[in-house]
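Chain and residue survey
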Amino acid sequence: MPDFIAVARPSDLSDPGSLLVEVEESLIVLIHAGGQFYALDDVCTHDGGPLSNGEVDVAGCTIACPRHGAKFDLATGAAKTMPATKPTLAHEVKVEEGQIWVRLSGQD
Amino acid sequence: MMTATAIQGFTQVDFDAFLALRAEEPAWLTTLRKDAWQRFEALDWPARNEEEWSRTDIRLFHLDRFAMPTTSDVAPPLAPGLLTHDVDLAGQLIGYNSQAATESLAEEIASQGVLFGSLDRLVIEQGDLLRPYFDREVVNRSKDKFAALHAACWSGGTLLYVPKGVAMEKPFHALSALGDGGIDLSKTLVILGDGAEATLLTETASTSETDSGLHCGSIELIVEPEAKLRYVNLQNWSKGVWHFAHQKATVDRNATLQWTIGALGAKLAKVNQEVALTGPDAEVQVNGVMFTEGRQHLSYNTHQHHQAPYCRSDLLYKSALQDRARTVWRGMIKVDVAAQRTDAYQRNDNLMLAPTARADSIPGLEIEADDVRCTHGSTSGRVDESQVFYAMTRGFTRTEAVRMIVAGFFQQVFDRISIESVRVALGEAIAQRVQDLDQPTPSAN
Ligand code: FES
């Protein structure tokens, strides 16, 4: 199982807000919403567009793909609305020692 | 004494140092390189809003992690490659990090006027002969920033030149290898004169499974009237290699080309493969065999351009995908007004071995002539569980069953490949990869 990697500081993100980070060989969008941090692959499963810069909905706990508007659950990556039907990959996040740490999942 | 400046990246200083190492090259080539370098500097990297790049994310690609090729890398002992098992070769070229390491060519072949070996060396020795072929600019040197970079800084590479009327029975073989963090900017140039015949097998390799690296290359195949070329290129870089390539064949009157592409490696591949049928009755068959796994991303843009009447082109790409791999195939058949009686076909089939893999197929036609037959198709399917179940009731393990289904899926394209060693190598390489299916995936979700 991969290790947690420090990717940013909590103060780097407003709430709500998002930040694109490079973790190992993946592009991950880090999201701050309702006091929580989340990490998703920066890939929309509808047509492969990037999710970064998408609108974060705190109440619905989703991020919307800027291209055609598909929404993904911040915690699980599940596709919540069309046109996406498949989940994007969600990664484990923790905040410790003043840093945000991400552990990549799906490393095959 | 002059000391050469060490090449460290892709700046003007590096480019000047790169040219200084190539002072023996003909002046016309230096001019081509300088022009291309200016275009490279002027062009932007492809953007996501360009249709061709909309599905291929290169934001993680950083050119500054690599440096222009030098002439001082020493090749470690390299594995012989996959394609030449039990094959009697006419000549062989092994390259490492964009430089020739070893070359051989049978004397009785050289004496017929055939040139084969390092393009770096041969462009110096045979500059006048080769210049017209460079001037043809088969691959557009300004197509994008990668094409310009390659045209400015290509290094190493392979030349096969077969003069008019000479038929080569035995195949030629070229292997390009990359070391960890290495760069390969090699160019392949094949020229078959009128009525000539030859087979060239090329393949790539990395020194280890996980090496990082960059390949930014080109392939130019010039098949003159009545000539016959069989060309194979197997991309087998490690899973850490960025692979950008522009590849184009031009096939003249009554000439034939069988072009087989195998793609197993690379972290991300973006390849433009183009065939131009420029004289009446030219015939091209394109075969693609892809197997992707992990988080590989392979993107192929194919283009069949019919410029003359009575030509036939037939493209079949087959990909199997496992894990979170992704393929993008965008195919175009273009038929000019002059190309009446064209018969063109393109097809892409994908076999998904995991629900998390993804294949996009985007065929396209652009037809200006009115008396033509152009057809296309694409399919994406999963392994049929009832077939797996049936095979398991007959005593096969799940892996064996899936491997048989995968072999069956590729059979149609293997049947078209007329070179046995290539069929065997691709079949074995794919079977080995499918074997991993039985092992539990360490996926966390
Ligand atoms: S690419 Fe995201 S909704 Fe279409």
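Residues numbered from 1 in each chain as written. Chains lettered and ligands numbered in written order. Predicted model: local features only at pLDDT ≥ 70, side-chain atom pairs only at ≥ 80, totals over all residues. Heavy atoms only, no water.

Side note on the overall build of chain B
- Helix and strand content of chain B: nine helices and 20 strands.
- On C-alpha atoms alone, chain B measures out to a radius of gyration of 22 Å, which is about the 22 Å that the 2.2 N^0.38 rule sets for 445 residues.
- In terms of overall dimensions, chain B has C-alpha extents of about 75 × 55 × 50 Å along its principal axes.
- Residues classed as buried in chain B amount to 58% of the 445 residues present.
- Long-range pairs, those at least 24 residues apart, make up 84% of the contacts in chain B between residues at least 6 apart in sequence.
- Of the roughly 18000 Å² of accessible surface on chain B, a fraction of 49% belongs to carbon and sulfur atoms.
- Separation of charge centres in chain B, based on 42 positive and 58 negative side chains, amounts to 5 Å. (Helix = DSSP H or I, 4+ residues; strand = E, 2+ residues; numbered from the N terminus. Rg over C-alpha atoms; globule rule 2.2 N^0.38 Å. Buried < 20%, exposed > 50% of the residue type's maximum accessible area, 1.4 Å probe, protein only. Contact = heavy atoms within 4.5 Å. Areas by Shrake-Rupley, 256 points an atom, 1.4 Å probe, with all protein chains shown as cover. Lys, Arg positive; Asp, Glu negative; His and termini not counted. Charge placed at Lys NZ, Arg CZ, Asp CG, Glu CD.)

Quick word on the sheet that holds strand β3 (residues 26-33) of chain A
Residue and element names in this part refer to chain A.
- Spatially, the six strands line up as an open sheet ordered β1-β9-β8-β4-β3-β2, and their pairing is antiparallel. For this open sheet the edge positions go to β1 (5-8) and β2 (17-23), each flanked by a neighbour on one side alone. Sheet twist, expressed as the mean angle between neighbouring strand axes with direction ignored, is 35°.
- Two strands pair when backbone bridges link them, and strand β8 (residues 90-96) and strand β9 (residues 99-103) are joined in this way by five bridges, in the antiparallel orientation. Of the residues in β9, the one forming a bridge with Lys94 is Trp101. (Pairing = 2+ DSSP bridges. Axes fitted to C-alpha atoms, helices over the stretch in contact; angles between N-to-C directions.)

Brief notes about the nonpolar core
- Ranked by size, the top nonpolar core spans 46 residues in total, and within it Leu160(B), Val162(B), Phe172(B), Leu221(B), Leu257(B), Trp259(B) and Tyr300(B) carry the most contacts.
- Setting aside residues up to four positions removed in sequence, Leu160(B) forms contacts with Val114(B), Leu115(B), Phe116(B), Phe172(B), Leu189(B), Val190(B), Ile191(B), Ala198(B) and Leu200(B). (Core = buried A, V, L, I, M, F, W, Y, C linked by side-chain atoms within 4.5 Å.)

Points about the environment of Gly113(B)
Residues and elements named next belong to chain B.
- Structurally, Gly113 can be placed in the loop between α3 (107-110) and β3 (115-118).
- For Gly113, a relative accessible area of 32% translates into the label partly exposed.
- In this structure, Gly113 is in contact with Tyr161 and Pro163, ignoring residues within four places of it in sequence.

Quick notes on the confidence of the model for chain B
- Confidence in the prediction of chain B, expressed as mean pLDDT, is 92, and 96% of residues score 70 or more.
- Across the predicted assembly, pTM comes out at 0.91 and ipTM at 0.73. (pLDDT = per-residue confidence, 0-100.)

Remarks on the layout of surface pockets
Residues and elements named next belong to chain B.
- When its volume is computed, the second largest pocket comes out at roughly 670 Å³.
- Together, 30 residues line the second largest pocket, and Ala79, Gly81, Leu82, Glu203 and Asn236 are the ones closest to its centre.
- The set of elements that each furnish at least two residues to the lining of the second largest pocket consists of β5 (172-178), β8 (197-206) and α9 (420-434).
- Looking at which element gives the most residues to the lining of the second largest pocket, the answer is α9, with eight residues.
- Of the residues contributing to the lining of the second largest pocket, the split by class is twelve nonpolar, twelve polar and six charged. (1 Å grid on protein atoms, 1.4 Å probe; cavity = no way out; pocket = protein on both sides within 12 Å on 5 of 7 lines; lining within 4 Å. Points joined across faces, edges and corners; volume = space filled by probe spheres on them. Nonpolar A, V, L, I, M, F, W, Y, C, P; charged D, E, K, R; others polar.)

With respect to unusual backbone geometry
- The amide bond that connects Asp15(A) to the next residue, Pro16(A), takes the cis arrangement and shows omega of 0°.
- Inspection of the secondary structure assignment puts Pro16(A) in the loop between β1 and β2.
- Across the junction of Met82(A) and Pro83(A), the peptide omega takes the value 5°, indicating a cis bond.
- Topologically, Pro83(A) is positioned in the loop between β7 (71-73) and β8.
- One non-glycine residue, Tyr310(B), adopts positive backbone phi at about 60°.
- The topology assignment puts Tyr310(B) in the loop between β15 (297-306) and β16 (312-321).
- Look at Arg341(B): it is not a glycine, yet its phi comes out positive at around 60°.
- The residue Arg341(B) is located in the loop between β17 (326-335) and β18 (343-352) in this model.

Describing the side chain of Ser118(B)
Residue and element names in this part refer to chain B.
- By secondary structure assignment, the location of Ser118 is in strand β3.
- By relative accessible area, Ser118 is classed as buried at 3%.
- A polar contact of 3.3 Å, which involves the side chain of Ser118, links it to the backbone nitrogen of Asp120.
- Separated by 3.2 Å, the side chain of Ser118 and the backbone nitrogen of Arg121 make a polar contact.
- Those residues in contact with Ser118, other than ones at most four positions away along the chain, are Leu93, Ala100, Glu103 and Gly157. (Polar contact = N/O pair within 3.5 Å; in protein donor to acceptor, adjacent residues only side chain to side chain.)

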